[in-house]
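Fold and contact review
Chain by chain, the residues:
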Amino acid sequence: MTRVYPQFVVAKFGGTSVADFDSMNRSAGIVLADDHVRLVVLSASAGVTNLLVELSEGLESHERMDKIDTLRAIQHNIISRLKSPSVIGKEIDQLLENITRLAEVASITPSSALSDDLVSHGEIMSSLLFAEVLREREARVEWFDARKVIRTTPLYGCAEPHLNLVEKQAETHLRPRLEQAIVVTQGFIGSDENGRTTTLGRGGSDYTASLLGEALHAARIDIWTDVAGIYTTDPRIVAQAQRIDHISFAEASNMAAFGAKVLHPATLLPAMRKNIPVFIGSSKNTAAGGTLVRRETEAPPLYRAIAVRRKQTLLKLHSLNTQPTHMFFAKMFAILAEHQVDVELVTTTEQSIALALNGTGCTSGNDNSLPTALLTALSSHCRVESETGLALVTLIGNQLHSSVGVCRDVFFELEKSCVRMICHGAANDILCFLLPDDVADDTISALHRRLFE
Ligand code: ADP
Ligand code: ASP
Ligand code: MG
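Okay, so let's go over this structure. (Residues numbered from 1 in each chain as written. Chains lettered and ligands numbered in written order. Predicted model: local features only at pLDDT ≥ 70, side-chain atom pairs only at ≥ 80, totals over all residues. Heavy atoms only, no water.)

**Re the overall build of the chain**
In plain terms, the rule: Helix and strand labels come from DSSP, where a helix needs a run of H or I of at least four residues and a strand needs a run of E of at least two; each type is numbered from the N terminus. The globule rule is 2.2 Å times the number of residues to the power 0.38, and the radius of gyration it is compared with is taken over C-alpha atoms. The buried label goes to any residue with under 20% of its type's maximum accessible area, the exposed label to any with over 50%, and the partly exposed label to all in between, with areas taken from a 1.4 Å probe on protein chains only. The contact rule is simple, with two residues in contact once any of their heavy atoms fall within 4.5 Å. Throughout, the Shrake-Rupley method with a 1.4 Å probe supplies accessible areas, and for residues the shown protein chains are the sole cover considered. Asp and Glu count as negative and Lys and Arg as positive, but His and the ends of the chain are not part of the count. Lysine's charge is taken at NZ, arginine's at CZ, aspartate's at CG and glutamate's at CD.
Along the backbone of the chain there are 13 helices and 16 strands. Rg of the C-alpha trace for the chain: 23 Å, near the compact-globule value of 22 Å for 453 residues, within the 12% margin. Principal-axis analysis of the C-alpha atoms places the extent of the chain at approximately 70 × 55 × 40 Å. For the chain, with 453 residues in total, the buried portion stands at 52%. Residue pairs in contact within the chain that sit at least 24 positions apart in sequence constitute 76% of those at least 6 positions apart. Looking at the chain as shown, the accessible area adds up to about 19700 Å², and 50% of this sits on carbon and sulfur atoms. Put simply, the chain has 43 plus and 53 minus side-chain charges, and the middle of one group is 4 Å from the middle of the other.

Laid out in C-alpha cells, this is it:
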C-alpha cells in the first residue's frame, strides 16, 4: 500500500558516518528507526573525496595507482561484509575503472570540469553501497541520481544551485518516489545545463540536504556527523567546548559562514527560507542528543560561539596619492569585481584598504595564491602587499556592536597575538580578526576560557 508522508525528514550522513560497513550499518539503523525519514543524502566515505581531489590534480602513474588501490580497499572492505556482494561489487568495480580512466586523463590535461566528474564518484559509490546495506535489512529502497534534481551553474568546484529548477525537478522526480520507498541519493553533486557533473564546494552534502528539504517542504533536516551537535567552538581545538542545545538560524548560519566545519556555509539558507528546523547529531552516539537549529531561541546570549577559518589571505592596497580617496576606493573595488574576487572583510584608512580573502571552500582552484592578472591590474594603481598563512577567528554573539565590555573581553586575550586586521561594527553579531595561523588555536582556547568556561 502506498503511504503519504507529509511530515517527512531528510537525513544526511557525512563521511565518517559512512566510512566503513559498521558505520554504514549504524547509520542505516538511524534511518530505519524513524518512519519519517524518506530521503537519505550521503557524503563519500571518509577520505575518499580527498583521494579523488588528488587524482584530479594529475599524478604520476605509480602515485595514481597507489591512490586507486586505497580507494578500492575502502570500497571492498564494505562490499566484503555484504550478504550478496556480487552484483554491487561489479558495479563498484566499473566505477573504479571509470576513476582510473579519468585520473589518467587528468594527469595529462587536468580541468575543473573533469575534476568534478572524477570527484562525484565518491558519493555515487557510497550511496550505492548504503542503499544495498538498507536493502539487506529488508527496507524498500530506491537509489536516485541527485544530478537529475540539483541543477546548477557550470562553476565547477563551486557551483550554485538554480533554486527554481531544483524545486521543479524535485517535485517531478523525487516527490513520487518518496511515497514508494526510502530514497537514497548523493550530497555534494549536481549537473549544469549541458548535463555535466558539478559540485557544490567542499562539505557540500549538508547543502544538498537542505536544498532538497526546502524543495520538498521537509518537516526536519537531520545532519548526522561525528559530533553530537554544534559546540561553542570546534571541540577538536578546545576540549572544554560545550554543546549548544538550541541555536537560532542566524547564529548557526554565522558560525557556518565563518568556518565552523560542522555545517557547509550555505546549509542553513534554504532551511531558513522555509523555516525547517535542522538537527545535528552524532551517528555514532545518538543517545548523546544534539543541537536543534530553528528560527528563534529563548534569551540569546551575548556570546554564542567562536569559529575559525584557515588559509586566509590579507591583501593590502596602498594609494599612490595620485587621486582622491573616493576615486581610489572606486577603482580598487572595480578591479576586484572585474576579477571576481570574493572579499570577506574590509577595513580602510584614507590611503589604504585591507582585504581578507578566503582561500577555502571550492573543490578545485583553492591553492590560495592570488591570480597574477589581478595583481598586475592592482599594481598599476597602488602599492600591493599580501600575506598568506592567516586564520580568521570570529566571535559570534548577539548585539556585540552595542554591548559594553565586549572589546575589553576580546582584546585582553589578543594582547599576546600579532593581530593583522580587526573587523567590528559592520555586523551587529560578529567580531572577527585575522592573525597568523600558528597562534590561532591558542588564541581561541584563551578566548573560550574567558567567554565560555
Ligand atoms: P561530516 O563529514 O559528517 O560532514 P565534518 O568533518 O564536515 O563532518 O564536520 C564535523 C566536524 O566539524 C567535527 O568533527 C568538528 O571537528 C568540526 N567543527 C568545527 N566547528 C565545530 C563546532 N562549533 N561544533 C561542532 N563541530 C565543529
Ligand atoms: N564528500 C564531499 C567532501 O568531502 C562533500 C561532503 O562530504 O559534504 O567535501
Ligand atoms: Mg561536512
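**Brief notes about helix 12 (residues 406–414)**
The line we're drawing: Think of it as the arc spanned by the lines of direction from the helix axis to the C-beta atoms.
Turning to helix 12, its buried residues number three or more, namely Val-406, Asp-409, Val-410, Glu-413 and Leu-414. In an axial view of helix 12, the angular spread of the buried residues amounts to 125 degrees, which keeps them on one side of the axis. The elements touched by buried residues of helix 12 are strand 11 (303–319), strand 14 (382–397), strand 16 (430–436) and helix 13 (437–452).

**Side note on the sheet that holds strand 1 (residues 9–13)**
Counted only if it meets this: In this scheme, strands are said to pair when DSSP sees at least two bridges between them. To get an axis, a line is fitted to the C-alpha atoms, and for a helix only the part in contact is used. The angle between two axes follows their N-to-C directions and goes from 0 to 180 degrees.
Taking strand neighbours across the sheet as the criterion, the eight strands line up as 3-4-2-1-7-9-10-8 in an open arrangement whose pairing is mixed. Single-partner strands in this sheet number two, and they are strand 3 (141–143) and strand 8 (246–248). Taking the axes of each pair of neighbouring strands and ignoring which way they run, one obtains an average angle of 20 degrees across the sheet. When strand 2 (residues 37–42) meets strand 4 (residues 182–186), the two strands line up parallel, connected through four bridges. The residue of strand 4 that forms the bridge with Leu-39 is Val-183. Packed onto the sheet, helix 1 (residues 21–33) meets strand 1, strand 2, strand 4 and strand 7 (220–225) and runs at close to 175 degrees relative to strand 1. The strands touched by helix 8 (residues 249–257) are strand 8, strand 9 (278–282) and strand 10 (290–294); relative to strand 8, the strand with the most contacts, the crossing angle is about 85 degrees.

**Topic: the site of ligand 2**
The criterion, for reference: Throughout this document, a residue counts as near a molecule or strand when at least one of its heavy atoms sits within 4 Å of that molecule or strand. Here a polar contact is recorded for every N or O atom pair within 3.5 Å, except that within protein the pair must consist of a potential hydrogen donor and a potential acceptor, and residues adjacent in sequence are included only if both atoms are side-chain atoms. For this classification, Asp, Glu, Lys and Arg are treated as charged, while Ala, Val, Leu, Ile, Met, Phe, Trp, Tyr, Cys and Pro are nonpolar and the rest, including Gly, are polar.
Taken together, Ser-43, Ala-44, Thr-49, Glu-123, Phe-188, Arg-202, Gly-203, Gly-204 and Ser-205 make up all the residues around ligand 2. In this structure, an oxygen atom belonging to ligand 2 sits 3.0 Å away from a main-chain N or O atom of Ser-205. Starting from 270 Å² of accessible surface for ligand 2 in isolation, the protein chains cover 87%. Class assignment of the residues belonging to the shell around ligand 2 gives a composition of two nonpolar, five polar and two charged.

**Topic: the nonpolar core**
Operational definition: Put simply, buried Ala, Val, Leu, Ile, Met, Phe, Trp, Tyr and Cys residues joined by side-chain atoms within 4.5 Å make one nonpolar core.
Counting residues in hydrophobic clusters, the biggest one holds 54 residues, and the most contacted among them are Leu-39, Val-149, Ile-150, Leu-174, Ile-230, Val-278 and Val-293. If one sorts the elements of this core by residue count, helix 7 (residues 205–215) sits on top with five residues. For Val-149, the contacting residues outside a window of four places in its chain are Phe-144, Leu-165, Val-166, Gln-169, Ala-170, His-173, Leu-174 and Leu-212.

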